[in-house]
Amino acid sequence: MASVITEQEKLIGKGIKRKEDPRLITGTATYVDDMQLPGMHHACIVRSPYAAANIKSIDIKAALETPGVVAVYTGAAVKDVGPVPCGASLPGLRVPHHHILAQDRVYFVGHPVAVVVATDRYIARDGADLVEVDYDVLPAVADPEKALADGAPAVHPQWPDNVAFNFHQENGEVEKVFAEAEVVVKQRITSQRLIPSSMETRAVLAEYRSGEKALTIYSSSQIPHLLRTLVAGMLGVPEHKLRVVVPEVGGGFGSKLNVYAEEALMGWIAMKTGKPVKWIESRRENFLTTIHGRGHVDYYEIAAKKDGTITGIRLKLIQDLGAYHQLLTPAIPTLSVLMMPGLYRCQTICADIVGVFTNCVPTDAYRGAGRPEATHGIERMVDMLAAELKMDAAELRLKNFIQPGEFPFASATGLTYDSGDYAKPLKKALDIVNYMGLREQQRKARAEGRWMGIGMSTYGEICAFGPSPATPAGGWESASVRIEPSGKITVHTGVSPHGQGEETTFSQIVADELGVDFNDVVVLHGDTAIVQYGIGTFGSRGTAVGGTALYFALQELKAKIKRFGAMLLDTDSVVYEEGRCACRKTGNSVSLAEIAGASYRAMKLPPGTEPGMMATYFWEPPNFTFPFGAHIVVTEVDKETGVVTIQRYVAVDDCGKILNPLIVAGQVHGGVAQGIGQSLYEHGIYDDNGQLLTGEFMDYAIPKITMMPWIESEHTETPSPVNPLGVKGVGEAGTIGCSPAVVNSVVDALSPLGVRHLDMPLSPEKIWKVLQGGQA
Amino acid sequence: MIAHPFDYLTPKSLPEALLLLADPDAKALAGGMSLIPMMKLRLAAPAKLVDLRGVPGLTSISEESGRLKIGALATHFDIESSRLVRAKCPLLAMAAAHIGDVQVRNMGTIGGSIAHADPAADYPAALQALEATISIAGVGGTRAVSAAEFFVDTFTTAVGPGELVVEVSVPVEAAGTGTSYQKCLQPASGFAIVGVAARLQAVSGNISMARIGVTGLSGCSFRANGVEALLESGSDPQAAAAAIANGIDANSDIHASAEYRLHLARVYAAKAIRAALAAAR
Amino acid sequence: MKVTGSHLVPLDRARVYSMLQDPEVLAACMPGCEKLEKSGEDSYTMKMKMALAAISGQFDGKVSITDQNPPGSFRLLVEGTSKIGFMKGGGLLTLTTEGDATCVAYEGDVQVGGTLAAVGQRLIDATSKMMIKRFFEKLIAVQP
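The residue numbers shown here count from 1 along each chain, following its written sequence. Whichever chain is written first is A, and whichever ligand is written first is 1; the rest continue in order. Residue-level local features of this predicted model are given only where pLDDT is at least 70; pairs of side-chain atoms are given and counted only at 80 or more, and the full residue set underlies all totals for whole chains, interfaces and linings. Based on all heavy atoms of the structure, the side-chain values leave hydrogens and waters out of the count.

Draft legend 1. Molecular detail of the overall build of chain A. In DSSP terms, a helix is any run of H or I states spanning at least four residues, a strand is any run of E spanning at least two, and both are numbered starting from the N terminus. Each helix and strand in chain A was counted, giving 19 helices and 28 strands. On the principal axes, the C-alpha backbone points of chain A span a range of 85 × 70 × 50 Å. Residue burial in chain A is summarised as follows: out of 776 residues, 65% are buried. For every accessible area listed, the method is Shrake-Rupley and the probe measures 1.4 Å; residues are considered covered only by the protein chains on display. As presented, chain A carries roughly 27,100 Å² of accessible surface, and 53% of it is formed by carbon and sulfur atoms. A simple rule labels every residue: compare its accessible area, found with a 1.4 Å probe on the protein chains alone, to the largest value its type can have, and call it buried under 20%, exposed over 50%, or partly exposed in between.

Draft legend 2. Spotlight on the domain arrangement of chain B. All names here are of chain B. By the assigned domains, chain B splits into domain 1 (7-52), domain 2 (61-169) and domain 3 (179-280). Boundaries of every domain are those given by an automatic assignment or by a domain database. Placing a centre on the C-alpha atoms of domain 2 and another on those of domain 3 gives a separation of 20 Å. In this analysis, two residues are considered to be in contact whenever any of their non-hydrogen atoms come within 4.5 Å of each other. At the interface, 21 residues of domain 2 touch 23 residues of domain 3. Note on definitions: buried area is the accessible-area loss of two parts on being combined, 1.4 Å probe, summed for both. Across the domain 2 to domain 3 interface the summed buried area is about 1,800 Å²; carbon plus sulfur atoms make up 57%. Salt bridges, as used here, are contacts in which a Lys or Arg side-chain nitrogen is within 4 Å of a carboxyl oxygen on Asp or Glu. On inspection of domain 2 and its partner domain 3, the count reaches 4 salt bridges.

Draft legend 3. Expanded view of the pairing of strand E7 (residues 141-146) of chain B. Pairing of strand E6 (residues 133-138) of chain B with E7 of chain B, which is carried by 6 bridges, proceeds in the antiparallel orientation. By the bridge assignment for E7 of chain B, serine 135 of chain B is matched with alanine 144 of chain B. Whether two strands pair comes down to DSSP finding at least two bridges between them.

Draft legend 4. Seen up close, the interface of chain C and chain A. In this complex, chain C contributes 12 residues to the contact, which on the side of chain A involves 12 residues. Taking both partners together, chain C and chain A bury about 1,100 Å²; carbon and sulfur atoms supply 49% of that area. Interface area lost by chain C to chain A is led by Lys83, Ala118 and Gln121 of chain C, which between them contribute 43%. One can count 1 salt bridge joining chain C with chain A. The closest approach of N and O atoms between glutamate 132 of chain A and lysine 83 of chain C, which form a salt bridge, is 3.9 Å. As used in this structure description, the phrase polar contact means that two N or O atoms lie within 3.5 Å; if the pair is within protein, one of them must be able to donate a hydrogen and the other to accept it, and residues adjacent in sequence are counted only when both atoms belong to side chains. The interface formed by chain C and chain A holds 4 residue pairs in polar contact (both at pLDDT 80 or more) in total. If you list the elements that add at least two residues to the side of chain C that touches chain A, you get strand E7 (101-113) and helix H3 (121-142) of chain C. Top contributing element to the side of chain C that touches chain A by residue count: E7 of chain C, with 3 residues.

Draft legend 5. The domain arrangement of chain A, seen in detail. Residue and element names in this part refer to chain A. The domain boundaries assigned to chain A delineate domain 1 (7-28 + 467-619), domain 2 (36-138 + 196-289), domain 3 (140-194 + 292-390) and domain 4 (404-410 + 417-461 + 625-776). A separation of 38 Å is found between the C-alpha centroids of domain 2 and domain 4. At the junction of the two partners, domain 2 supplies 11 residues and domain 4 supplies 11 residues. Buried surface at the junction of domain 2 and domain 4, summed over both partners, amounts to about 890 Å²; 57% is from carbon and sulfur atoms. At the boundary of domain 2 with domain 4, the tally comes to 0 salt bridges. Run the count over domain 2 and domain 4 and you get 2 residue pairs in polar contact (both at pLDDT 80 or more).

Draft legend 6. Main features of the sheet that holds strand E10 (residues 164-171) of chain B. Residue and element names in this part refer to chain B. Strand order across the open sheet formed by 5 strands is E4-E5-E10-E6-E7, with antiparallel pairing between neighbours. Looking at the sheet topology across the chains shown, the edges are occupied by strand E4 (61-64) and E7. Adjacent strand axes in the sheet meet at a mean angle of 25° when their direction is disregarded. Note that strand E5 (residues 67-71) and E10 share 5 bridges and pair antiparallel. Paired with leucine 68 across the two strands is valine 170, which belongs to E10. Along the sheet, helix H1 (residues 14-21) contacts E6 and E10; its crossing angle with E10, the most-contacted strand, is approximately 125°. In this analysis an axis means a line fitted to C-alpha atoms, helices contributing only their contacting stretch, and an angle means the value between N-to-C directions, from 0 to 180 degrees.

Draft legend 7. Fine view of the packing of aromatic side chains. All names here are of chain A. Planes of paired rings set the category: under 30 degrees apart is stacked, over 60 is edge-to-face and the rest tilted, where pairs are Phe, Tyr or Trp rings (Trp by its six-membered ring) whose centres lie within 6.5 Å. Counted according to the given criterion, the structure contains 24 aromatic pairs over all chains. Where phenylalanine 465 meets phenylalanine 624, the ring centres are 5.2 Å apart and the plane angle is 65°; that geometry is what we call edge-to-face. Residue phenylalanine 465 is located in the loop between strand E18 (451-460) and strand E19 (477-483), and its partner phenylalanine 624 is located in the loop between strand E25 (614-619) and strand E26 (628-637); the two are separated by 159 residues in the primary sequence. For phenylalanine 465, a relative accessible area of 10% gives the class buried. Accessibility expressed as a relative area gives 7% for phenylalanine 624, which makes it buried. Through successive ring pairs, a cluster of aromatic residues spans Tyr344, Phe401, Phe407, Tyr422 and Phe628. Note on criteria: charge over ring means Lys NZ or Arg CZ within 6 Å of the ring centre, with the direction from the centre no more than 35 degrees off the ring normal. Lying over the aromatic face of tyrosine 260, arginine 202 brings its terminal NZ or CZ to 3.8 Å of the ring centre. Against the face of phenylalanine 178 rests arginine 314, its NZ or CZ located 4.1 Å from the ring centre.

Draft legend 8. Examining the nonpolar core more closely. Among the nonpolar cores identified, the biggest contains 108 residues, and Ile302, Ile313, Leu385 and Tyr417 of chain A are the most heavily contacted of them. Discounting chain neighbours no more than four positions away, the residues touching tyrosine 417 of chain A are Met339, Gly342, Ile402, Phe407, Pro408, Phe409, Ser411, Tyr422 and Phe626 of chain A. By nonpolar core we mean a set of buried residues, namely Ala, Val, Leu, Ile, Met, Phe, Trp, Tyr and Cys, connected to one another through side-chain atoms within 4.5 Å. Leu43 and Phe155 of chain B together with Leu20 and Ile55 of chain C belong to the second largest nonpolar core, which has 53 residues in total.

Draft legend 9. A look at unusual backbone geometry. For the peptide bond that leads from methionine 760 of chain A to proline 761 of chain A, omega is -10°, which places it in the cis range. Mapped onto the secondary structure, proline 761 of chain A falls in the loop between helix H18 (733-750) and helix H19 (764-773). Across the junction of proline 70 of chain C and proline 71 of chain C, the peptide omega takes the value -5°, indicating a cis bond. Its location among the elements puts proline 71 of chain C in the loop between strand E4 (55-69) and strand E5 (73-82).

Written out as structure tokens, the structure is:
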């Protein structure tokens, strides 16, 4: 007897606990550092303490003489290894040759200069201390605006202006709109450098089997297949002889959507020495050398009519790129430009990006990647416009929203927004907080001399990256589903979950589509030897693109199941329900396990049908998806100390159809935590000499649980027409919606003092100074 | 994050520990909350680590002739959760509860913390206000110093080479004494940007005794004698608190400028004094 | 990071000035200085052992004195590198007479890099001030 599954018992939409969690919370998951291979060596990297210097000499003699040190390599040894790749292409982009070890010059603090290979990790570290590097220290520049100034030190001597690229995009009659505008509001807005801080740092283990001439690289990555293709190219290893395995990954937030020097370097060492070699990034190295996020200085102008209609948006965006381009470094600010009109109908935009080299670690994708910066900008500008026009911030937004009847909507930046009802989450959030009541409360608070603020953001995002023509390396995703002879189900997905819970959501999809037990499904990923080519997990794409590929693979498989079922039941018409094929006429049925068994036994095959029970699908999405939502934040500013307290946090997110509310809630909570981090605490600070002043958790403040408000998380569900699941993605929503709502709230609190803008993070001292001077 | 090689020694008695610590290359290990991270960064590289956790008798908390005697190896959690400390010397329990996070409080010890003498640690403010006595053992015997003498400067204490903090003694609070520790915490490290401990004896609102300990503000914890005198001469708490910053060369860093720290010191002094007064009632 | 401050030395200005130019005095007063050797006109190489809390490091460095304007002012630059990072401190020292004593005011910059910079920005200010304080305490103590 098959269990009877009714429509109500479908798993999609249910808050099922994550399959992944027991192994994660009991410490029984396998990360790269848990892996031990026979004869394995350990590597320790010697890094520059200076942001800019010429390398005069490197003395490796003492290190080499240390018992247990196997080899020491410097830049000269690896000069022919291909450069660390930049996947972004922009017209006129200047791409510095990014060697995996510095050649004759270092460009940022942490720049790898040499590598010591030893029989254990301790000896490798001791050996690294014995490598003597003689530097000729050069002037450095760490601030993008200072780097653009005349006479600034050149990060790369061949490009004295420090400009990596200029990018321009416009739509509509910009000059005319601004000339004729009834009101124009201008503001410089920064989005500070952030340090992604995943719980697991980077980790690489490489093994070379000389007999097979096969290299295996284990890495904590978000993109196993792209890593394989790109590292194969760097090392000159034929792609089919390189296997990349991504075991458990302790978070990435975009920082592992990359190809790093160390990944190629460990592969090179394994081939050179013939022994496996492991490198585990220390937390200190993670701060200094794993990509940072954000790093914007934005000059915004917004034009409007007196009635509040937004008529134009102009942006000059200065992006701090750091010293090199990592995989997507120059592309990130272009995403900000794409998102710059937000949820508003405005069709006139003009954006100019200047990508600037600095003597800092490169910036790249960090949770939200370009969209938090854009959302922060437009949402701050809309609030400033509301203040200028003395309009209510919610009313101004509602007036400018794209309306439900206007989808698909062609944005000013060339996107096609899929679906939306932007007023819905805003109105829901306003209801939840009792907005009118709150404003009344605020009036009372102000009368009592308390600085209470109410701030909102209505955000939109570009998710489910994405259609292949719009991405550097293909935007499709793949899935294969195999029903084993016993009826158990193995899914191979091309995405590479590292905390997103897709082993659970994908099992839910399979369970519902095939009517099988959730526990009979295993979802495998992250091994290029067993999974068909895939793209990876980033840009809120895992479920929207990877889940859709799985959905289509399941449809193909169901057709095959039915062909076998019809054959076994000796009929030409069957239905597949609740894990069984049934003939309506006879009432006879056969289970999925029986069908799978028969497909492998293959005593008889349906006409034109292969044995076995497997389907693979590569899905190319026709468009991005466009989630949206509204966050409202109530804050109070302590008049004495400047400390901001978040008193209420309401998030109403519309991520399309919700497959698992528990996982969605987790994504919103985590996203909001990182948004609050940026709003109030986090700031990657370099001094003028390019030293990272926040190079440890003693100085870089990520929010702890005691610093988090209660998050009231609600949803509206507007299905995406882009995929049959109707999902849009939620991985980055919390981060994107958060920071403008927090800052708008604090600015609102201090508006009686004439404050109209504050840059993040809103540190107590910054606020206190405002309270002292009465001006921002 | 890999330490230099070192020898790990586990003495089983105090004399044995002191003997091992006579070696200038040896360093005492208690909870390791400051020392181990420094070693992992290779900023500290002692050739020998003398782990005191096997030395008996250093974790007890007891009451003896009007004072609480706290063993140097009592953890911050032991202290914050001790019924005895909470009832008889709540200020010390409060300061302990403000340290780091639960994991740190479960490992870190009072002796280790004060011997390290981080200028922004929480205990020194409380110990200054409590006029605590700290027992320091050496091969020649044990001596006792007052908190004021103990904390000399940034990371500098009265503990000499080869010596060990073995006990902290604090008074059992008399009836009518109110205490409070108020701290502005640095969000990254959890250390105090400023922390003020207030200990007052008051009869119907009149302060007869005031002891104010300050941490985080400058290079070393200190007693704010000026504030104490003002409070004892009937000055209003707010006005007295304002004197806390007089003549102080305040620290400045990326988390708080000297100017802001001085301001916070005044604010937190007033908070601590008000709370201590309320508790004294 | 900017450092400013002043210390009172109970000696007359000319004497304090000349002491501060004397490599033997400097060597005796700089915390942890183990060796100071002349390497040129008013410049010296230095070996220094830093020991503070649990931190210890062997620094190789340079000391140079410039812009001498006796007995009123001069610039002092001290830099050192070690396995645990580097530090560089320099600034203008101004000497003024205060009664029988001399006030030495300093205004300069301290720069710390490498791992040393990771221990906590919060400690650099307090530590620099303490080092300077110790220097002046020793200066007073070494006077014959």
